[in-house]
Number of protein chains: 4
Amino acid sequence: MNGSKVTSTIKDEQLIERRRNQMIKGAVTLFKEKGFHRTTTREIAKASGFSIGTLYEYIRTKEDVLFLVCDSIYEKVKARMEAAFSNENASLDHLVQAVRAYYLLMDEMQDEVVIMYQEMKSLSKEAQEYVMQKEKAMVTMLEQLLEDSIPHRLKQRDISLIANNIFIQGQMWGFRRWMLQKEFTIASYTERQVAFLLAGLGLGDGLRAAGC
Amino acid sequence: MNGSKVTSTIKDEQLIERRRNQMIKGAVTLFKEKGFHRTTTREIAKASGFSIGTLYEYIRTKEDVLFLVCDSIYEKVKARMEAAFSNENASLDHLVQAVRAYYLLMDEMQDEVVIMYQEMKSLSKEAQEYVMQKEKAMVTMLEQLLEDSIPHRLKQRDISLIANNIFIQGQMWGFRRWMLQKEFTIASYTERQVAFLLAGLGLGDGLRAAGC
Amino acid sequence: MNGSKVTSTIKDEQLIERRRNQMIKGAVTLFKEKGFHRTTTREIAKASGFSIGTLYEYIRTKEDVLFLVCDSIYEKVKARMEAAFSNENASLDHLVQAVRAYYLLMDEMQDEVVIMYQEMKSLSKEAQEYVMQKEKAMVTMLEQLLEDSIPHRLKQRDISLIANNIFIQGQMWGFRRWMLQKEFTIASYTERQVAFLLAGLGLGDGLRAAGC
Amino acid sequence: MNGSKVTSTIKDEQLIERRRNQMIKGAVTLFKEKGFHRTTTREIAKASGFSIGTLYEYIRTKEDVLFLVCDSIYEKVKARMEAAFSNENASLDHLVQAVRAYYLLMDEMQDEVVIMYQEMKSLSKEAQEYVMQKEKAMVTMLEQLLEDSIPHRLKQRDISLIANNIFIQGQMWGFRRWMLQKEFTIASYTERQVAFLLAGLGLGDGLRAAGC
DNA sequence: CATGAATGAGCCTTCATTCAT
DNA sequence: GATGAATGAAGGCTCATTCAT
């Protein structure tokens, strides 16, 4: 149901899907490079492989492109998280595996995350709301994961806080790459964050012993 | 030394200082509201209390305004952090006080933080570099604080990681307010983050006991 | 002979006739509402009940639609006037009846008249000429009517003038409805115009006596 | 108070006045030639003698230009009518003189009248209302003239009707020039209309005697 | 015959920047 | 030093028209 909120003059639904994927792909590249505002609709059309007229058959506004991009990013992240979090056997080990998978995913999607952070405010209030819901849903997934995997009980608020921390620490790996990626690889970053998380939960061996 | 990298046609240095402060104040309000790109130079001039012609006597480019704004934000944050971190008597308690002060500061400067996150990429590569240096310096202050205040030794990397975590958790309080500020007040957010930090360092009472 | 000057790729003459009638009907509605320039070809196609591709099988240019519309309006008005003016027994009474019928017709075709007044200039010079001929023919019909029905002789010029006056007074009923239709009904408007006409011709009872 | 409803970024009121007059002059020429819709803002700017940027300092919308044009036409016509109708000594003779002056005026302003007839519908509902008020005021002036100048009493409705007739007969001289101006000069047109008017009022010598 | 996706010229409008006063 | 009118490049978007299916 990708981008079902964006109207199109085209009738063929499959074509819409295909063209919009072209569009998103082209736009992501451009947004990464120059940001939403510095990218022109003509550039988007060109990068998507069609004319400006055709572009506007599939969207109504330049902002629609941004929405489509954001939506597709979330959709992708969500799908991957769901796959990684499927908790047949909820255990501490599963928690660690899932968090690792999440950090790995954030490593893969660095550019997309940067786009989200910088351009979301260019969406309409309504679209922002929509996108925030999706982000909220992802944090909730992390909360669920924690709840299911930790032996002792935590206050809801603490679960919520920790889920948030994990979530943004993952995003920051990409957003603050200029700082973090000088000192860490994604592997070592993941490793230490997990160790610190477990320590915080009173479950790990503590930071001192956790030799890298 | 506010914005010494930005050229002006005016000779009187004090006047420059005064005018630029007007400018920054006006611009921050506008950037908060509509972002850098959607704000026009005319609006900035008006909000600053002088004409568009005068505006351009004190800057060379619209981007200069953004730089001035970013620079002033960092200057302000840095000054406040320095005041709060002054470590005559480094102790665990001092660490806790300092971190609390930092979170409080981030609460005060929410809007400014949001501007930084969203508009930094609109600066020139050079200006971005400059601003990143300042951010790096702040993280370093946190690292120093940790190093000085924690009884046992931590690996440099872990210090760096934890400093980063604290730093961004503070920024996220403002940036993700739509999510966090529904569940927490700045007091409770600070409280739990500190508790979790200490637990992670193997120093607190753990999360279970730390009743809110 | 509807629109015989407009080319079509279709062979079947009857189909052309049918499709064009659909087109005219749809277009008139739209032109009334938003004028020729603000109406798109897509809208015309939709209102006509077929696709944009099909539309262009029956016309060559958007302007063709306007021409078809104008032509059909004149055809219709002309037919109705001919019916009303058929002068087996030319008499003053017949004149009055015919003029009344004309005003009634103009009342019915208000919207169409407005379209003619406002959009005719969007036709090509050539098409304008064609349409003006038709309008001229109608005025001539009125002239003939006057000539046949008035007992005494009038100078040709006066006949021409009076025919013109009647003609435009009819059109104005629709075109200036916002003014006239606040004060008059079509019945009272007709009534007074006829009285005034007869008075001008030295045939009526004068305006004073002609109680409404 | 010309065009006081149209906003401008320029502060100097006199400059606004001057520039707008340039604009109106340029626009009238273009609208005459190609109509409002087929005229581009760039053409208007060029014909006005300034750049497109400057044009938009004095208006907000292309439609504003049309409004300014319409308003100025009415203003001009109104002023001239007021001058011609000043009724120190209301008499039949004065009526005839005034009507003659009106027809002469309409002859002078043919192109402007055509513009009004064809483009008024392109104005916003609000602006149309405004412009219609002005037109109504002019008809009222004619009514007043009739009332003051005719010896015997006429019903209000008849006055209104006759005023309207005179008004549109004047406008039609320009709008239907392709027809009328083949048979008449403005002098002869005026002559016969006046004769017919007087006859209708039961005041002239009738049409038969009124040799041309 | 009918359809509708594709095209791109062209339009209106904005806004950073300059410079004469 | 301050002002604000002038500039024009550039951007978002529309829509008449075509043509392969």
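In case you missed it, the structure is sitting above this.
Here the structure is a predicted model, which is why all the values come from computation and not from measurement.

A. Focus on the interface of chain C and chain D. Each partner contributes to the interface: chain C provides 48 residues, whereas chain D provides 49 residues. Buried area between chain C and chain D, both sides added, is near 4,700 Å², and the carbon and sulfur share of it is 58%. For the pair chain C and chain D, the interface holds six salt bridges. Here chain C is connected to chain D by 15 residue pairs in polar contact (both at pLDDT 80 or more). For the side of chain C that touches chain D, the secondary-structure elements that each account for two or more residues are α1 (13-38), α6 (110-119), α7 (125-149), α8 (156-175), α9 (177-183), α10 (186-200) and α11 (206-209) of chain C. No other element matches the 13 residues that α8 of chain C contributes to the side of chain C that touches chain D. Classifying every residue of the side of chain C that touches chain D by side-chain character gives 21 nonpolar, 14 polar and 13 charged.

B. Just the environment of isoleucine 115 of chain C, in detail. Residues and elements named next belong to chain C. Turning to its location among the elements, isoleucine 115 is positioned in helix α6. Judged by relative accessible area, which is 2%, isoleucine 115 ranks as buried. If sequence neighbours within four positions are ignored, isoleucine 115 has contacts with Val28, Phe31, Lys32 and Met120.

C. Focus on the protein's contact with DNA strand F. Taken together, the neighbourhood of DNA strand F is formed by 43 residues, with Tyr56 of chain A, Tyr56 of chain C together with Arg19, Gly53 and Tyr58 of chain D sitting nearest. In DNA strand F, the atoms that sit within 4 Å of the protein are 60% sugar and phosphate, with bases accounting for the remainder. A distance of 2.8 Å separates a phosphate oxygen of DNA strand F from a polar side-chain atom of tyrosine 58 of chain B. Glutamate 57 of chain D has a polar side-chain atom sitting 3.5 Å from a base oxygen of DNA strand F. If you list the elements that add at least two residues to the surface near DNA strand F, you get α2 (41-48) and α3 (52-58) of chain A, α1 (13-38) and α3 (52-58) of chain B, α2 (41-48) and α3 (52-58) of chain C together with α1 (13-38) and α3 (52-58) of chain D. Classifying every residue of the surface near DNA strand F gives 14 nonpolar, 15 polar and 14 charged.

What counts as what
- Residues numbered from 1 in each chain as written.
- Chains lettered and ligands numbered in written order.
- Predicted model: local features only at pLDDT ≥ 70, side-chain atom pairs only at ≥ 80, totals over all residues.
- Heavy atoms only, no water.
- Contact = heavy atoms within 4.5 Å.
- Buried area = accessible area lost by both parts, 1.4 Å probe.
- Salt bridge = Lys/Arg side-chain N within 4 Å of Asp/Glu carboxyl O.
- Polar contact = N/O pair within 3.5 Å; in protein donor to acceptor, adjacent residues only side chain to side chain.
- Helix = DSSP H or I, 4+ residues; strand = E, 2+ residues; numbered from the N terminus.
- Nonpolar A, V, L, I, M, F, W, Y, C, P; charged D, E, K, R; others polar.
- Buried < 20%, exposed > 50% of the residue type's maximum accessible area, 1.4 Å probe, protein only.
- Near = heavy atom within 4 Å.

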